[in-house]
Amino acid sequence: MFAGLRKMLREWQGMQAFKRVPRSERQIVLYSEGRGYWSYFEPVFTALQNRHATPVLYVTSAENDPLLQSPPAGMQSFYIGEGSVRTLFFASLDADVLLMTMPDLQSFHIKRSPLSVHYVYLHHSIVSTHMIYRAAAFDHFDSILCVGPHHVAETRAREQALGLPAKTLVEHGYGRLDTIMQTGRQGPPARTDAPAQILVAPTWGENGLIERHGIDAIKPLIDAGLRVILRPHPRTRKLAPRVLDEICAYFDDEPRFRMDEDSDGTTSLRDSDIMLSDWSGAALEFAFGLERPVIFADVPRKVLNPEYTAIGLEPIEVQIRDYVGVVVPTDELAKLGEIAQAMATDSHKWQTTLRQTRQRWIYNSGRSGDTAADYLVSLIKQ
């Protein structure tokens, strides 16, 4: 009980510290729902500092967020938790601009402030807006930083279908993709005598690859001599921990298997030859950022909006699969080992196609942070 009270006191103190910042200095606020989201904000923050020297207030719900202890120059950070203090923070927010990666504004307990705040949504996935998100996930934002033309088309189609006010749609791009590309690790990773490595990185939910086929999807890869890194979605750890524990126990004595639950995961991504996924947006980050192919296990689609077909647009994660890899039916998972071995051997052949596909679907590759920073600064009240 006392631990809970201390936690709430810290959250309350964080909100009060934010409110003590003079209103004239509350220009751009970043809200992070967890420590794993900084990689999406970082290119925007860096550009705000480099191009405009604009101070930023960073508000986080993660008690262990490293930016609370060591914020970079140009940032003040505040902890508000994810309970009643956060709800009150949003309900009373007074700032020029709030940038956030959390959808469903206004739909549940996180509401828009009655004060004049401009709400900007920053996408934390390349995937489409209308199938794996709830129907009204983005309806109540003023502006959206769009990853590519699919986000513009989908948002406008919904606005037109429901008679919603037109939001400002910025041709932004995808900062996490830019960061991956900046590593210069495109194409197959350098190998000596080590076996090829496959990163298993599916989405979460009752139809997810791990939840439905965990061991059956991993065992053929191990049997084929591949090194396997399982990187489960954080929601899988929260909602289906028993499944992950069973997989770890099954492969406990297998040196070529490893679980990666680090909040960043860049190393696992960068060092893998191919990826096995399902409907996860991480597959597109891997394919476009590193120009390496993906195997898609054809589990049932992840659908949070059962009426997603109403706008008449096929989601990008459906359209693009055959351009960035191969699709394997779930009754053929036993073949994953041979499929993965063949793709790892010929992965360099995918580079040109992946580069062309990225150019078609992603705005401002390599410079999305500059685009976002310039737009956010234009919203600051004079």
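Above this note sits the structure.
Reading the values: rules and limits
Residues numbered from 1 in each chain as written. Predicted model: local features only at pLDDT ≥ 70, side-chain atom pairs only at ≥ 80, totals over all residues. Heavy atoms only, no water. 1 Å grid on protein atoms, 1.4 Å probe; cavity = no way out; pocket = protein on both sides within 12 Å on 5 of 7 lines; lining within 4 Å. Points joined across faces, edges and corners; volume = space filled by probe spheres on them. Nonpolar A, V, L, I, M, F, W, Y, C, P; charged D, E, K, R; others polar. Pairing = 2+ DSSP bridges. Helix = DSSP H or I, 4+ residues; strand = E, 2+ residues; numbered from the N terminus. Axes fitted to C-alpha atoms, helices over the stretch in contact; angles between N-to-C directions. Contact = heavy atoms within 4.5 Å. Core = buried A, V, L, I, M, F, W, Y, C linked by side-chain atoms within 4.5 Å. Buried < 20%, exposed > 50% of the residue type's maximum accessible area, 1.4 Å probe, protein only. Arc of directions from axis to C-beta. Salt bridge = Lys/Arg side-chain N within 4 Å of Asp/Glu carboxyl O. Polar contact = N/O pair within 3.5 Å; in protein donor to acceptor, adjacent residues only side chain to side chain. Parallel < 35°, antiparallel > 145°, perpendicular 65-115°, else oblique. Left-handed = near helix turned anticlockwise from the far one by under 90°. Phe/Tyr/Trp six-rings, centres within 6.5 Å; stacked < 30°, edge-to-face > 60°. Lys NZ or Arg CZ within 6 Å of the ring centre and 35° of its normal.

Visitor: Explain empty space enclosed by the protein to me, please; I cannot follow it from the model alone.
Guide: Over the atoms a probe the size of a water molecule is rolled, and this reveals where empty space is left. Counted by the stated rule, this structure contains 3 cavities of 30 Å³ or more. Taken as a whole, the largest cavity encloses approximately 40 Å³ of empty space. By residue class, the composition of the lining of the largest cavity is 4 nonpolar, 1 polar and 3 charged.

Visitor: Any chance you could explain the sheet that holds strand E11 (residues 274-277) here in plain terms?
Guide: Paired through backbone hydrogen bonds, the strands of a sheet run either parallel or antiparallel to each other. Here 6 strands make up an open sheet; going across it, the order is E10-E9-E8-E11-E12-E13 and the pairing parallel. With partners counted over all chains shown, the strands left at the sheet margins are strand E10 (257-259) and strand E13 (325-328), one partner each. The mean inter-strand angle of the sheet, taken between neighbouring strand axes irrespective of direction, is 20 degrees. As paired strands, E11 and strand E12 (residues 294-297) are joined by 3 bridges and run parallel to one another. What sits directly across from methionine 275, in E12, is valine 294. On the sheet, helix H7 (residues 209-223) packs against strand E8 (197-200), strand E9 (227-230), E10, E11 and E12 and is oriented at approximately 165 degrees with respect to E9.

Visitor: Help me understand the nonpolar core in this model?
Guide: A general trend in soluble globular proteins is that nonpolar side chains are found buried together. Counting residues in each nonpolar core, the largest one holds 117 residues, and the members touching the most others are Leu98, Leu99, Ile198, Leu221, Leu230, Leu276 and Ile295. Examining the composition of this core, we find that 7 residues originate from one element, helix H2 (residues 38-52), more than from any other. Leave out the neighbours within four places in its chain, and leucine 230 touches Val200, Ile210, Ile218, Leu244, Ile247, Phe257, Arg258, Met259 and Asp260.

Visitor: How should I be thinking about helix H15 (residues 351-361) in this particular structure?
Guide: An α-helical turn contains 3.6 residues, so a residue and the one three or four places further along point in the same direction. Listed in full, the buried residues belonging to H15 are Gln351, Leu354, Thr357, Arg358 and Trp361. Around the axis of H15, the buried residues are gathered within 130 degrees of arc, so they sit on the same side. Turned more than 90 degrees away from the buried face of H15, the exposed residues are Gln356 and Gln359. Residues of H15 that are buried sit in contact with helix H5 (149-162), helix H6 (175-181), helix H11 (282-290), helix H12 (316-319) and helix H13 (321-324).

Visitor: Which parts of the structure should I look at to understand the pattern of salt bridges?
Guide: Think of it this way: side chains of opposite charge can pair up when their charged atoms draw near. Across all of its chains, the model carries 26 salt bridges by this definition. Connected through salt bridges with shared partners, the residues Arg23, Asp94 and Asp96 form a single ionic network.

Visitor: Quick question: what am I supposed to make of the environment of lysine 302 here?
Guide: Structurally, lysine 302 is set in the loop between E12 and H12. A distance of 2.9 Å separates the side chain of lysine 302 from the side chain of threonine 203, its partner in a polar contact.

Visitor: Before we go on, may I ask you to explain unusual backbone geometry in this structure?
Guide: Trans peptide bonds make up most of the peptide bonds, and negative phi angles are found at most residues other than glycine. Positive phi, close to 80 degrees, is recorded for glutamine 106, a residue that is not glycine. You can see glutamine 106 is positioned in the loop between strand E4 (97-100) and strand E5 (118-122).

Visitor: Sorry if this is basic, but what is going on with the layout of surface pockets here?
Guide: The computed volume of the second largest pocket comes to approximately 250 Å³. Around the second largest pocket sit 17 residues that line it, and His130, Ala135, Arg158, Asn305 and Ile311 are the ones nearest its centre. Here the lining of the second largest pocket is built from residues that sort into 7 nonpolar, 4 polar and 6 charged.

Visitor: What is the right way to read the packing of H7 against helix H9 (residues 241-250) from this model?
Guide: Working note: a packed helix pair is described by the angle between its axes plus the distance between those axes. Across the interface, H7 lies against H9 with an axial gap of 10 Å and an inter-helix angle of 10 degrees. As summarised for this structure, H7 and H9 are arranged roughly parallel, according to the angle between their axes. Read as a crossing pair, H7 and H9 show a hand that is right-handed. Contacts between H7 and H9 involve Ile210, Glu211, Gly214, Ile215, Ile218 and Lys219 on the former and, on the latter, Val243, Leu244, Glu246, Ile247 and Tyr250. For the contact of H7 with H9, the per-class residue count stands at 7 nonpolar, 1 polar and 3 charged.

Visitor: Looking at this structure, how should I read the packing of aromatic side chains?
Guide: Both the distance between ring centres and the angle between the ring planes are used here to describe each pair of aromatic rings. Summed over all chains, the structure comprises 13 aromatic pairs. The interplanar angle of 55 degrees and the centroid separation of 5.7 Å between the aromatic rings of tryptophan 38 and phenylalanine 45 together place this pair among those described as tilted. A relative accessible area of 5% places phenylalanine 45 in the buried class. Geometrically, the ring pair formed by tyrosine 250 and phenylalanine 251 is edge-to-face, given 4.9 Å between the ring centres and 75 degrees between the ring planes. Among the aromatic residues, those joined into a cluster by ring pairs are Phe18, Tyr31, Phe78, Phe89 and Phe90. Just above the ring of tryptophan 204 sits the side chain of arginine 235; from NZ or CZ to the centre is 4.8 Å. Its guanidinium or amino end placed over the ring of tryptophan 279, arginine 321 lies 3.6 Å from that ring's centre, counting from NZ or CZ.

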